[in-house]
Amino acid sequence: IPREILSLKDLEAKCLETMAPMVRDYLYDGAEEGHTIRENLEVWDRWLVIPRMMRDTSNVNLTPRTHQFNQSWSLPLGIAPSAMQQLAHPFGEKATAAAARSMNIPFGLSTFSNYTIEEVKDAGGDSVVGLQMYLLEGRRDLNIELVKRAEAAGYKAIVLTVDSPVPGNRPGLIKSNFVMPKHMRFRNFSEDFGGPLDQAQDTQFNDDSVTAKIANSSNPDSAAACRQEQTTTSRGNQLIVDPSINWERDMTWLREHTSLEIWVKGVLHPLDAEEAIAHGANGIMVSNHGGRQLDTCVSALDVLPAIVKQVNGRVPVHLDGGIRRGGDIFKALALGADFVWIGRPVWWGLEVAGEEGVRWVIQTLKREFEVVMKLMGCRHVGEIKREMVVTKNGLLSMGGTGVF
Ligand code: FMN
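Note that this is a predicted model, so its numbers are computed, not measured. (Residues numbered from 1 in each chain as written. Predicted model: local features only at pLDDT ≥ 70, side-chain atom pairs only at ≥ 80, totals over all residues. Heavy atoms only, no water.)

Visitor: Would you mind going over the overall build of the chain in detail, with residue names and values included?
Guide: When its secondary structure is counted, the chain shows 14 helices and 10 strands. Computed over its C-alpha atoms, the radius of gyration of the chain comes to 21 Å, within 12% of the 22 Å expected for a compact globule of 404 residues. Considering only C-alpha atoms, the chain reaches an extent of 65 × 50 × 40 Å along its principal axes. Sorting the 404 residues of the chain into buried and exposed places 57% on the buried side. Counting contacts in the chain only where the partners sit at least 6 residues apart, residues at least 24 apart contribute 74% of the total. Total accessible area on the chain stands at roughly 16600 Å², and carbon and sulfur atoms take up 53% of it. Taken together, the 43 basic and 50 acidic charged side chains of the chain have centroids lying 4 Å from each other. (Helix = DSSP H or I, 4+ residues; strand = E, 2+ residues; numbered from the N terminus. Rg over C-alpha atoms; globule rule 2.2 N^0.38 Å. Buried < 20%, exposed > 50% of the residue type's maximum accessible area, 1.4 Å probe, protein only. Contact = heavy atoms within 4.5 Å. Areas by Shrake-Rupley, 256 points an atom, 1.4 Å probe, with all protein chains shown as cover. Lys, Arg positive; Asp, Glu negative; His and termini not counted. Charge placed at Lys NZ, Arg CZ, Asp CG, Glu CD.)

Next up, the structure:
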């Protein structure tokens, strides 16, 4: 990573110099007009921090307060599942998982990955904790197969994404004619569903050729089929997310089919957190899918305090959406999250420098988080307190004395 790149923002700019336009459109795509995408980024700056001084922060411990997935991690940060990471680097999910492993943070694999459940587990070891799944319409047999493979490979959790009964309205992706290039495959599935045609994928191309291949790929009839990470095929078969998903039937069904932890991803309402717990969830991911599903929906951070209050410590509460600086991690924890996850920044690292680039992203967030902890007067994450973050309105209420 060039020396002049100092923040994730710098890295993003560097990434955009080389990223193929179609990949960029896919990565940045959001529902409809992108209000929620913007909201996810802006929400962090609405919270201000009030530091404490002179507390000897020469040594700061960044490890999470409690184990997550029965493991101890180097910081309360993980890598959220995102599909088709080979679009950003030939080693795709394998590179990301390896970076997570070397930094001792958890990684979640999208079902719609370009490397298999088993390959990614090999690359990422204990860091590869979760397999993300959508429930597939009329193909629960495939869901069960994925769950069994995750169990056999040593995953700790199934991450059930509940915010996608249908793909969101994403006109941008249709306009940009997005299509997964032919040389990439959904390797968790059979040939009928966009899976393996050949196995020698690693050696098929190198870093330089991948951009050219993406630029050259054209497959007009699959543009519509491929416009969502969750509905795609190259042979006319569709894997469609199930619009009838519901708490009672599907959580019960999943619980019957797996002994793994079940994490529910995409909760934005306290009563849905309650439903998740009532139906046996082991953890909750507060998330709006990176603004890709429902436009103008709330940011995860804005609803976090209400969800934390509702959950009241019964299960861990994690959050994703718009985390770009170490200070964002601090604010999420101050507002009650146990852990946060990042999506798009991983792609910036992958595009610029593969595994090394992803490691740089994690290291940078770690370094920033450590400095923020020291400046805030916190020696470990247990010392991050709710009253350390305020909104301007909260601060100015009662003539500026309200929050003290
Ligand atoms: N979430 C899923 O549950 N399954 C997916 O397959 C999936 N694919 C994604 C692909 C891309 C390119 C992106 C950017 C996000 C995807 N997500 C998916 C959402 C992420 O898990 C996560 O919620 C989101 O990216 C977090 O926001 P951030 O990108 O602002 O960090």
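Visitor: I'd like a description of the packing of aromatic side chains, backed by residues and values.
Guide: One pair of aromatic rings is described through two measures. These are the centre distance and the angle between the planes. A complete count under the given rule lists 8 aromatic pairs for this structure. Considering the side-chain rings of Tyr 26 and Phe 178, the 4.8 Å spacing of their centres and the 15° angle between planes classify their relative orientation as stacked. A residue pair is termed long-range when its members are at least 10 positions apart, and Tyr 26 in helix H2 (residues 21-28) and Phe 178 in the loop between helix H7 (171-175) and helix H8 (207-216) qualify at 152 residues. Of the two residues, Tyr 26 and Phe 178, both sit in the buried class. Summarising the aromatic geometry, the rings of Phe 112 and Phe 189 are spaced 5.4 Å apart at their centres and angled 25° between planes, so their arrangement reads as stacked. Within this pair, whereas Phe 112 is found in the loop between strand S3 (107-110) and helix H5 (117-124), its partner Phe 189 is found in the loop between H7 and H8, the two being separated by 77 residues in sequence. The structure contains a cluster of three or more aromatic residues connected by ring pairs, namely Phe 69, Trp 263, Phe 339 and Trp 341. For Lys 121, the ring lying beneath its charged end belongs to Tyr 155, and the centroid distance is 5.6 Å. (Phe/Tyr/Trp six-rings, centres within 6.5 Å; stacked < 30°, edge-to-face > 60°. Lys NZ or Arg CZ within 6 Å of the ring centre and 35° of its normal.)

Visitor: Just give me the short version of the pattern of salt bridges, but keep the residues and values in it.
Guide: With the rule as written, the count across this model stands at 21 salt bridges. In this structure, Asp 250 engages Arg 249 in a salt bridge whose closest nitrogen and oxygen atoms are separated by 2.9 Å. On the basis of relative accessibility, which here comes to 39%, the residue Arg 249 falls in the partly exposed class. Across the salt bridge formed by Asp 328 and Arg 325, the nearest N and O atoms sit 3.0 Å from each other. (Salt bridge = Lys/Arg side-chain N within 4 Å of Asp/Glu carboxyl O.)

Visitor: Run through the side chain of Asp 295, naming residues and quoting values.
Guide: Inspection of the secondary structure assignment puts Asp 295 in the loop between strand S7 (283-286) and helix H11 (300-311). With no salt bridge to any partner, buried Asp 295 finds its closest opposite charge in Arg 38, at an N-O distance of 6.1 Å. Within the structure, the side chain of Asp 295 is placed 2.9 Å from the backbone nitrogen of Glu 33, a separation counted as a polar contact. A polar atom in the side chain of Asp 295 sits 3.2 Å from the backbone nitrogen of Gly 34. Apart from residues no more than four positions distant in its own chain, Asp 295 is found in contact with Ala 31, Glu 32, Glu 33, Gly 34, His 35 and Thr 36. (Polar contact = N/O pair within 3.5 Å; in protein donor to acceptor, adjacent residues only side chain to side chain.)

Visitor: Can you explain the site of the ligand? Please cite residues and give values.
Guide: Of all residues adjacent to the ligand, which total 24 residues, the nearest are Pro 81, Thr 161, Asp 320, Arg 324 and Gly 343. Take Ser 287: an N or O atom from its side chain is 3.4 Å from an oxygen atom of the ligand. A distance of 2.9 Å separates an oxygen atom of the ligand from a polar backbone atom of Arg 344. Protein contact buries 100% of the 610 Å² of open area that the ligand shows by itself. Of all the secondary-structure elements, those providing two or more residues to the shell around the ligand are H2 and helix H13 (344-376). When its residues are assigned to classes, the shell around the ligand shows 8 nonpolar, 10 polar and 6 charged. (Near = heavy atom within 4 Å. Nonpolar A, V, L, I, M, F, W, Y, C, P; charged D, E, K, R; others polar.)

Visitor: Please provide a residue-by-residue account of the nonpolar core, values included.
Guide: Counting 108 residues, the largest nonpolar core has Leu 319, Phe 330 and Phe 369 as the members making the most contacts within it. In terms of residues, this core owes the most to one element, H13, which gives 12 residues. Here Leu 319 is in contact with Trp 44, Val 286, Ala 300, Leu 301, Leu 304, Ala 332, Ala 337, Phe 339, Val 340 and Trp 341, once residues within four sequence places are set aside. Residues Phe 69, Ala 80, Ala 157 and Trp 341 belong to the second largest nonpolar core, which totals 10 residues. (Core = buried A, V, L, I, M, F, W, Y, C linked by side-chain atoms within 4.5 Å.)

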